[in-house]
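These are the residues of each chain, in order.
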Amino acid sequence: QVQLVESGGGLVQPGGSLRLSCVASGFIFRNYPMTWYRQAPGKERELVATITSAGLTTNYADSVKGRFTISRDNAKNTVYLQMNSLKPGDTAVYYCYSYIGRKGYWGQGTQVTVSS
């Protein structure tokens, strides 16, 4: 079955960096685009970044452009989110997502807290 497992979250000071990872299994990873979403307390889930199957095209939410970078390693079935210059407003649970066979799949999420 499809599984997406995120890791790499934690507590970081403003201006700091974190790298999130999402390891995928149960499907042919290299064939599918991958997306990172986030959900802050009391807010709707929002798209953060997406990457095409071969990694040639990426797109970002305006709020993270220039600070976050999405990438993938198809040999390792892993998608990454490098987050730099973190702000308190980036505090959220971050989720990995893929749409496969007319169904969307989510990971369990990883908490990112940006606070001094």
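Scroll up to find the structure.
Rules of the game
- Residues numbered from 1 in each chain as written.
- Predicted model: local features only at pLDDT ≥ 70, side-chain atom pairs only at ≥ 80, totals over all residues.
- Heavy atoms only, no water.
- Helix = DSSP H or I, 4+ residues; strand = E, 2+ residues; numbered from the N terminus.
- Rg over C-alpha atoms; globule rule 2.2 N^0.38 Å.
- Buried < 20%, exposed > 50% of the residue type's maximum accessible area, 1.4 Å probe, protein only.
- Contact = heavy atoms within 4.5 Å.
- Salt bridge = Lys/Arg side-chain N within 4 Å of Asp/Glu carboxyl O.
- Pairing = 2+ DSSP bridges.
- Phe/Tyr/Trp six-rings, centres within 6.5 Å; stacked < 30°, edge-to-face > 60°.
- Lys NZ or Arg CZ within 6 Å of the ring centre and 35° of its normal.
- Core = buried A, V, L, I, M, F, W, Y, C linked by side-chain atoms within 4.5 Å.

Draft legend 1. Layout of the overall build of the protein chain. A count of helices and strands for the protein chain gives zero helices and 11 strands. From first element to last, N terminus to C terminus, the protein chain shows the α and β order β-β-β-β-β-β-β-β-β-β-β. Against the 2.2 N^0.38 benchmark of 13 Å for 116 residues, the protein chain shows a C-alpha radius of gyration of 13 Å, consistent with a compact globule. Along the first, second and third principal axes, the C-alpha atoms of the protein chain reach 40 × 25 × 20 Å. Here the protein chain holds 116 residues, and the buried ones make up 41% of them. The contacts in the protein chain between residues at least 6 apart in sequence include a share of 52% that link residues at least 24 apart.

Draft legend 2. Layout of the pattern of salt bridges. For the structure shown, the criterion picks out four salt bridges. With its nearest N and O atoms 2.9 Å apart, the salt bridge here joins R38 to D90. Here R38, found in strand β4 (residues 34-39), pairs with D90, found in the loop between β8 (78-83) and β9 (92-100); they are 52 residues apart in sequence, far enough to count as distant. We note that R38, like D90, is buried. In this structure, the salt-bridge partner of D90 is R67, at a minimum N-O distance of 2.7 Å.

Draft legend 3. Looking closely at the pairing of strand β5 (residues 46-51). Taken together, the five bridges between β4 and β5 define a ladder with antiparallel strand orientation. Across the sheet, residue W36 finds its bridge partner in β5, namely A49. The hairpin formed by β4 and β5 contains six residues between the paired strands, and G42 there has a positive phi angle of roughly 75°. In this sheet, strand β6 (residues 58-60) lies alongside β5 in antiparallel orientation, the contact comprising three bridges. Bridging across to β6, A49 finds its partner in Y60. Taking the residues between adjacent antiparallel strands as the criterion, β5 and β6 are bridged by six residues, where G55 takes a positive phi near 80°.

Draft legend 4. Geometry of the side chain of S21. With respect to the helices, strands and loops of the structure, S21 is situated in strand β3 (residues 18-25). Residue classification places S21 among the buried residues on the basis of a relative accessible area of 15%. When near neighbours in sequence (up to four residues on either side) are disregarded, S21 contacts V5, E6, S7, W36, T78, V79 and Y80.

Draft legend 5. Seen up close, the packing of aromatic side chains. The tally for this structure, following the rule as stated, stands at six aromatic pairs. Each member of the aromatic cluster is reached from another via a ring pair, and the members are Y37, Y95, Y97 and W106. Stacked on the ring of Y95, the Lys or Arg R45 has its end atom at 3.8 Å from the ring centre. In this structure, R45 is placed above the aromatic ring of W106, and the distance from its NZ or CZ to the ring centre is 4.4 Å.

Draft legend 6. Quick look at the nonpolar core. Within the largest apolar cluster, 29 residues are counted, with the highest numbers of intra-cluster contacts made by W36, V79, L81, M83 and Y94. For this core, the secondary structure elements donating two or more residues are β3, β4, β5, β7 (68-73), β8, β9 and β11 (110-114). Those residues in contact with V79 that sit more than four places away from it in its chain are L20, S21, C22, F29, M34, W36, I51, I70, S71, R72 and C96.

On their own, these measurements won't tell you what the molecule is for.
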